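# Structural characterization, general
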Amino acid sequence: MDVIILQLFNGISVSSILLLIALGLSITFGLMKVINMAHGELIMIGAYTAYVVQNLFADYMPASMFGWYFAIAIPVSFIVAFIFGLVLEMGLIRFLYGRPLDSLLATWGVGLMLQQLARSVFGAPNVGVKSPAWLDGGLTVGDNVFPYKRLFIIGLVLVCLFVMYLYIYRSHPGRRMRAVMQNREMAACLGISTRRVDAVTFAIGSGIAGIAGCALTLIGPIGPAIGTYYIVDAFMVVVLGGVGKLVGTVFGALGIGISNTLFEYWTTASLGKVLVFLCIVAFLQWKPSGFVAMRSRSLDN
Amino acid sequence: MLAVQQLEAGYGESVILRGVTLQVRPGQVVCLLGRNGVGKTTLMKSIMGVIKARKGTVAYKGSDLTKRAPGQRAKKGIGYVPQGREVFAQLTVFENVLLGLEASTAKRKTIPESAIAKFPVLQAMYGRRGGDLSGGQQQQLAFARALASEPDLLLLDEPCEGIQPSIVDDIRDVIRSIKADGKTAILLVEQSLEFVKSVGDYFYILEKGAVAWEGSLGDLNDEVIRHYLTV
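Everything numeric here is computed off the predicted structure, so don't read it as measured data. (Residues numbered from 1 in each chain as written. Chains lettered and ligands numbered in written order. Predicted model: local features only at pLDDT ≥ 70, side-chain atom pairs only at ≥ 80, totals over all residues. Heavy atoms only, no water.)

Our next topic: the overall build of chain A. Helices and strands together make up the secondary structure of chain A, namely eleven helices and two strands. Seen in sequence order, chain A has helices and strands lined up from the N terminus as α-α-α-α-β-β-α-α-α-α-α-α-α. For chain A, whose C-alpha radius of gyration is 20 Å, the value lies close to the compact-globule estimate of 19 Å for 301 residues. The C-alpha extent of chain A, read off along each of the three principal axes, is 60 × 50 × 35 Å. For chain A, long-range pairs separated by at least 24 residues make up 75% of all intrachain contacts whose partners lie at least 6 apart in sequence. Here chain A has roughly 13,900 Å² of accessible surface; of this, 71% comes from carbon and sulfur atoms. Averaging the coordinates of the 19 positive side-chain charges in chain A and doing the same for the 12 negative ones gives two points 10 Å apart. (Helix = DSSP H or I, 4+ residues; strand = E, 2+ residues; numbered from the N terminus. Rg over C-alpha atoms; globule rule 2.2 N^0.38 Å. Contact = heavy atoms within 4.5 Å. Areas by Shrake-Rupley, 256 points an atom, 1.4 Å probe, with all protein chains shown as cover. Lys, Arg positive; Asp, Glu negative; His and termini not counted. Charge placed at Lys NZ, Arg CZ, Asp CG, Glu CD.)

So, about helix H11 (residues 269–286) of chain A. All names here are of chain A. Along its 18 residues, H11 runs 26 Å from first to last C-alpha, staying within 8% of the 26 Å computed at 1.5 Å per residue. Inspection of H11 places Gly 272, Val 276, Ile 280 and Phe 283 among the buried residues, and these make up the whole buried set. Viewed along the axis of H11, the buried residues span an arc of 80°, placing them on a single side of the element. Exposed and oriented more than 90 degrees from the buried face of H11 are Ser 270, Leu 278 and Gln 285. Residues of H11 that are buried in the fold lie against helix H9 (226–241) and helix H10 (246–266). (Expected span 1.5 Å × (residues − 1). Buried < 20%, exposed > 50% of the residue type's maximum accessible area, 1.4 Å probe, protein only. Arc of directions from axis to C-beta.)

Bringing the sheet that holds strand S1 (residues 2–11) of chain B into the picture now. Working definition: the strands of a sheet are paired by backbone hydrogen bonds and lie parallel or antiparallel to each other. Residues and elements named next belong to chain B. With respect to topology, four strands assemble into an open sheet ordered S2-S1-S4-S5, the strand pairing being antiparallel. Bordering the open sheet on either side are strand S2 (14–24) and strand S5 (63–64), each of which pairs with just one other strand. One ladder, built from five bridges, connects S1 with strand S4 (residues 55–60); its direction is antiparallel. Within S4, the residue paired with Gln 5 across the bridge is Thr 57. (Pairing = 2+ DSSP bridges.)

Okay, the sheet that holds strand S8 (residues 185–189) of chain B next. Residues and elements named next belong to chain B. Within the open sheet, the six strands sit side by side as S6-S7-S8-S3-S9-S10. Their pairing is mixed. Of all the strands in the sheet, the pair left with one neighbour each is strand S6 (78–81) and strand S10 (210–216). On average, adjacent strands in this sheet sit at an angle of 15° to one another, irrespective of strand direction. Helix H1 (residues 40–48) rests against strand S3 (29–33), S6, strand S7 (153–157), S8 and strand S9 (202–207) of the sheet, and its axis sits at about 150° to S7. Against the sheet, helix H6 (residues 135–148) engages S6 and S7, with an angle of about 170° to S6. (Axes fitted to C-alpha atoms, helices over the stretch in contact; angles between N-to-C directions.)

Here we come to the nonpolar core. By size, the foremost hydrophobic cluster in this structure holds 116 residues, and its most contacted members are B:Leu2, B:Leu43 and B:Leu155. The element best represented in this core is helix H1 (residues 2–31) of chain A, accounting for eleven residues. Apart from residues no more than four positions distant in its own chain, B:Leu2 is found in contact with B:Leu22, B:Gln23, B:Val24, B:Ile47, B:Val58, B:Ala59, B:Tyr60, B:Leu153 and B:Leu187. By size, the runner-up hydrophobic cluster in this structure holds 46 residues, among which are B:Leu122, B:Ile178, B:Val199 and B:Tyr228. (Core = buried A, V, L, I, M, F, W, Y, C linked by side-chain atoms within 4.5 Å.)

Right, let's talk about the confidence of the model for chain A for a bit. Residue and element names in this part refer to chain A. Mean pLDDT over chain A works out to 91, with 97% of the residues at or above the 70 mark. Mean pLDDT in chain A bottoms out at strand S1 (residues 138–141), which sits at 87, and peaks at helix H3 (residues 69–91), which reaches 96. With pLDDT under 50 throughout, residues 296–301 is counted as low confidence; its partners more than four residues away or in other chains account for 15 contacts. (pLDDT = per-residue confidence, 0-100.)

Along the chain, B:Arg145 turns up in helix H6. It turns out B:Arg145 is buried and unbridged, and the closest side chain with the opposite charge, B:Glu86, is 7.1 Å from it. Contacts of B:Arg145, omitting those with residues within four sequence positions, involve A:Met186, A:Leu190, B:Pro82, B:Arg85, B:Glu86, B:Val87, B:Phe88, B:Asn96, B:Val97 and B:Gly100. (Salt bridge = Lys/Arg side-chain N within 4 Å of Asp/Glu carboxyl O.)

This is the structure:
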């Protein structure tokens, strides 16, 4: 029984990390249909931002305050990645809408440049971010220990999801955003500035990638190429979940995360990964548009 | 109020409009007639700014709109009900109507009574997705969305296309009531001669991308119809 609970917790923990890195992509790729290969580097930017904030706290703040750096690092990571995303959109992506292959190559190039930038600024070796003391240890239930860091990431994902839901489905700018993504021409005819909506939407997706990067500092060292480890998983989650729907991304992350943990438990780490990939391939043969497909009476979608 | 001068426009290499000149006065219902493929919808799109003009001008309330984006034209007070309705399928009916407020100059946050009162059926379906509505209901939704910004000029592109007769009558009533209010002018593209005769003040007939005939209701006799409109 304990083993099952522990595996389930691990599965949910892996899912929460997958979900966090895929949330930003569910906006830029899911809603905007931009294949942004630099998404991983936006995660990397968020991670290094957390590193910089940590160093600033260590140098300029009293030691007793050090533990709170992480609470500051999350919004700062969002803002820094948001700004990078905004610049990327205005300088490059906006010329490439509707040209997926071009945007794939161009953003990949941008990703390489950002990686090199990180190497030049921070050096090639991985750097460690010291987790705040209040996240050390774990919650003990019976014989099981649930690490606070993992619980914190799960909580962070839930908060991000909730805020994103409010923004996309319950706010004025979110309504504008959905209108533009569904029918650009008609949205423009209603007086919506599609240029501004595009730029802000892309920047928000980038900002969420920054938060993901900040969270990743809790589970391991960070390096210039950290994003490349996660980019494939992130795309997989969004495609499996169904492009364009927030709830689909949640199911995609849970599906991959839990099956990954279970398969690895039953077999070995590498065989488990293979089985997960096989399951995804089989599933997409059966349902090519993912878990949650958009359906409507109108002919165009 | 709306003055189109020698407008030329088209898609890619092909030129559709070859020098169209027309005018809409405040409160007037102007109908645009013509056989299929003469450029009626292209003209509507050029007035809205979806298609850029190659030559000529589009002026509205004295200011030149030729180079302006569609959104700026909407904010100047032009409402647009496009061919094919173009409601946002994934958004609810309520959200669709709220989006009409984007162009509202009054900065209002609530849907004006005048826009929605004409379509009682929509209020009952506020929570449903636009794409789940029937064609006729979607048409009424597109109407309400355009009226939400309280435009001075309404562009209607085939509002009765593929719609059951009872809703056609509803739409006729709506156009008549807008006309009776006298605040909003209408430029109407419609195939049904009977329909346009029942609401129109002034008529333009397009042929080969240019205005071939214009006149008021009394001038629109059988001779004109046979010459320009029968196939």
